[in-house]
Amino acid sequence: MTGNICQLSTIRGWEGSLSVLLQDSVNRGASLGFVPPMSLAQSQDYWQSVEEELTQEARLLLVALDRGEVFGAVQLALCQKPNGGHRAEVEKLMVHPRVRCQGIGRALMSELEAAAQIHRRSLLVLDTRAGDVAARLYQSLGYKEAGQIPRFALSADGGLDATVLFYKCLIG
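First, a word on scope: everything that follows refers to the structure included in this document. (Residues numbered from 1 in each chain as written. Predicted model: local features only at pLDDT ≥ 70, side-chain atom pairs only at ≥ 80, totals over all residues. Heavy atoms only, no water.)

## Quick notes on the overall build of the chain
Scanning the chain for helices and strands turns up four helices and seven strands. Relative to the compact-globule value of 16 Å for 172 residues, the chain shows a C-alpha radius of gyration of 15 Å, a close match. With the C-alpha coordinates aligned to their principal axes, the bounding extent of the chain is approximately 40 × 35 × 30 Å. In the chain, which comprises 172 residues, the share counted as buried stands at 43%. Contacts spanning at least 24 positions in sequence make up 59% of the contacts within the chain whose residues lie at least 6 apart. Summing over all exposed atoms, the chain offers an accessible surface of approximately 9,100 Å²; the carbon and sulfur share of this is 50%. Charged side chains in the chain number 17 positive and 18 negative. The centres of these two groups are separated by 5 Å. (Helix = DSSP H or I, 4+ residues; strand = E, 2+ residues; numbered from the N terminus. Rg over C-alpha atoms; globule rule 2.2 N^0.38 Å. Buried < 20%, exposed > 50% of the residue type's maximum accessible area, 1.4 Å probe, protein only. Contact = heavy atoms within 4.5 Å. Areas by Shrake-Rupley, 256 points an atom, 1.4 Å probe, with all protein chains shown as cover. Lys, Arg positive; Asp, Glu negative; His and termini not counted. Charge placed at Lys NZ, Arg CZ, Asp CG, Glu CD.)

## Overview of the pattern of salt bridges
With the rule as written, the count across this model stands at nine salt bridges. A salt bridge links Asp24 to Arg28, with the nearest nitrogen and oxygen atoms 3.0 Å apart. According to the relative accessible area criterion, Arg28 is exposed, its value standing at 57%. For Arg98, the salt bridge identified is with Glu69, shortest N-O distance 3.6 Å. (Salt bridge = Lys/Arg side-chain N within 4 Å of Asp/Glu carboxyl O.)

## Focus: helix α2 (residues 40–55)
The end-to-end C-alpha separation of α2 is 23 Å, in line with the 22 Å expected for 16 residues at 1.5 Å each. Among all positions in α2, only Ser43, Tyr46, Trp47, Val50, Glu51 and Leu54 are buried. Viewed along the axis of α2, the buried residues span an arc of 160 degrees, placing them on a single side of the element. Exposed residues on α2 whose side chains face more than 90 degrees from its buried face are Asp45, Glu52 and Thr55. Against the buried residues of α2 lie β1 (4–8), α1 (15–27), β2 (59–66), β3 (69–78) and β4 (87–95). A positive phi of about 60 degrees marks Glu57, the residue just after α2. (Expected span 1.5 Å × (residues − 1). Arc of directions from axis to C-beta.)

Function cannot be inferred from these measures alone, as they are strictly geometric.
The following block contains the structure:
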């Protein structure tokens, strides 16, 4: 894939591509806060809810684009609490299955960390399902495991999966 990473200030014009990416990711087993099967309408509703936070500058959305199509995405929720102006939460890293293992997730995370620093965020936190391949990516990027919470998220088979909490200090 020969594409680029950019930050979107709105989902307008990208709703279709973003919705298909999220729906496909969830339906292929990604733990992104949804349980499969995910309908296209559910995915569209989610992206509409993201739009308000983008407008309020409480959330950043970075996407990997190629030929006008979104092949990957990641979000950064900027903490709005008075005591949390230095931190943000990494959310919903997704890469289309056709282009996985080509460095897109790593590139998205690198750009996300640079954007976090521009927004004066020095601590990033995230969680991912225990045992997911994403945990290895985060560790390879310097994220430290803070611990696990058992029975955290409902899985597609009706069981409850543990989540792993990670953090990364961007300065000092």
